[in-house]
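Close look at the chain arrangement
These are the residues of each chain, in order.
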2 protein chains.
Amino acid sequence: MKARVHVTLKNGVLDPQGKAIGHALESLGFAGIGEVRQGKFIELDLTENDPERAREQVRQMCERLLANTVIENYRIDLG
Amino acid sequence: MKARVHVTLKNGVLDPQGKAIGHALESLGFAGIGEVRQGKFIELDLTENDPERAREQVRQMCERLLANTVIENYRIDLG
């Protein structure tokens, strides 16, 4: 089973990487750009095929390694 | 209009970051993990409200800055 995890900064947490992308796009001539936020996208192949157990396993991975839950949110998609 | 961009390494391109995540998960005791790939996830606020024009604008951003199209694929979602 495949799991996809999005890790994004919580609202209100400064995102210097996103800001740098925004400035770079503007200096390339792109107009009409508001906020830019950059997050991480992680794809995992799991041998677990039960969706409930797979989701719980990935949730633990997020809590323990993939996300810093003080400043980041995570979203898990299976399938 | 909001645009979401996923930038992922093409198949066959070595992903040391993904490998490091996989090893770290294993040393934390997680079992049954196959391949792990890490990509980027970028959210942009655009003033453009026409979906066609917004998609074309973001496509150009990907080609010129957000993705290295030699080794990376990108996917654009609007909404």
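Read on for an overview of the structure. (Residues numbered from 1 in each chain as written. Chains lettered and ligands numbered in written order. Predicted model: local features only at pLDDT ≥ 70, side-chain atom pairs only at ≥ 80, totals over all residues. Heavy atoms only, no water.)

Below, the discussion takes up the packing of helix α1 (residues 16-27) of chain A against helix α2 (residues 51-66) of chain B. Contact geometry for α1(A) and α2(B): axes closest at 11 Å, N-to-C directions at 105 degrees. In terms of orientation, α1(A) and α2(B) fall into the roughly perpendicular class. In this structure, α1(A) contributes A:Ile21, A:Ala24 and A:Leu25 to the contact, and α2(B) contributes B:Met61, B:Leu65 and B:Leu66. Per-class residue counts for the contact of α1(A) with α2(B) are six nonpolar, no polar and no charged. (Axes fitted to C-alpha atoms, helices over the stretch in contact; angles between N-to-C directions. Helix = DSSP H or I, 4+ residues; strand = E, 2+ residues; numbered from the N terminus. Parallel < 35°, antiparallel > 145°, perpendicular 65-115°, else oblique. Contact = heavy atoms within 4.5 Å. Nonpolar A, V, L, I, M, F, W, Y, C, P; charged D, E, K, R; others polar.)

For helix α2 (residues 51-66) of chain A, spanning 16 residues, the distance from its first C-alpha to its last is only 19 Å, which falls clearly below the expected 22 Å at 1.5 Å a residue. Every buried residue belonging to α2(A) is among A:Ala54, A:Gln57, A:Val58, A:Met61, A:Cys62 and A:Leu66, and all of these are buried. For α2(A), the angular spread of buried residues about the axis comes to 145 degrees, placing them on one side. Seen from the open side of α2(A), the exposed residues pointing more than 90 degrees away from its buried face are A:Glu52 and A:Arg53. Buried residues along α2(A) sit in contact with β1 (2-9), β2 (33-46) and β3 (72-78) of chain A together with α1 (16-27) and β2 (33-46) of chain B. (Expected span 1.5 Å × (residues − 1). Buried < 20%, exposed > 50% of the residue type's maximum accessible area, 1.4 Å probe, protein only. Arc of directions from axis to C-beta.)

Moving on, we come to the interface of chain B and chain A. Taken together, the contact between chain B and chain A spans 30 residues of the former and 30 residues of the latter. Across the chain B/chain A interface, buried area totals approximately 2,700 Å², and carbon plus sulfur atoms make up 62% of it. Of all elements in the fold, only β1 (2-9), α1, β2 and α2 of chain B reach the threshold of two or more residues within the side of chain B that touches chain A. Among the elements that take part in the side of chain B that touches chain A, β2(B) stands out by supplying 14 residues, more than any other. Taken together, the residues of the side of chain B that touches chain A break down into 15 nonpolar, nine polar and six charged. In this structure, β2(A) lies alongside β2(B), joined through 11 bridges in antiparallel fashion. By the bridge assignment, A:Ile33 is partnered in β2(B) with B:Leu46. (Buried area = accessible area lost by both parts, 1.4 Å probe. Pairing = 2+ DSSP bridges.)

Let us look at the relation of the copies chain B and chain A. In screw terms, the move from chain B to chain A is a rotation of 180 degrees and a rise of 0.0 Å along the axis, fitting with an RMSD of 0.0 Å. Both copies are brought into coincidence by an operation consistent with a two-fold rotation axis. Taking the C-alpha atom as reference, chain B places B:Lys40 closest to the rotation axis, 2.4 Å from it. Both copies contact each other with a shared surface, as 100% of the interface residues of chain B are interface residues in chain A too. (Least-squares fit on C-alpha atoms with pLDDT ≥ 70 in both.)

In this section: the sheet that holds strand β3 (residues 72-78) of chain B. The six strands lie next to each other as β3(A)-β1(A)-β2(A)-β2(B)-β1(B)-β3(B), forming an open sheet whose pairing is antiparallel. Edge strands, defined here as strands with exactly one partner in the open sheet, are β3 of chain A together with β3 of chain B. Each strand of the sheet is rotated relative to its neighbour by a mean of 20 degrees, with strand direction disregarded. This element, α2(A), spans β1, β2 and β3 of chain A together with β2 of chain B of the sheet and lies at about 155 degrees to β3(A).

This part takes up the pattern of salt bridges. Summed over the entire model, instances satisfying the criterion amount to 14 salt bridges over all chains. With its nearest N and O atoms 4.0 Å apart, the salt bridge here joins A:Lys40 to A:Glu72. Taken together, the positions of A:Lys40 in strand β2 and A:Glu72 in strand β3 put the pair 32 residues apart, joining distant regions of the chain. In this structure, B:Arg59 and B:Glu56 form a salt bridge, with 3.0 Å as the shortest nitrogen-oxygen distance. Placement of both B:Arg59 and B:Glu56 in helix α2 is noted, with a separation of three residues, approximately one turn of the helix. Classification of B:Arg59 as partly exposed rests on a relative accessible area of 34%. By relative accessible area, which is 34% here, B:Glu56 ends up partly exposed. (Salt bridge = Lys/Arg side-chain N within 4 Å of Asp/Glu carboxyl O.)

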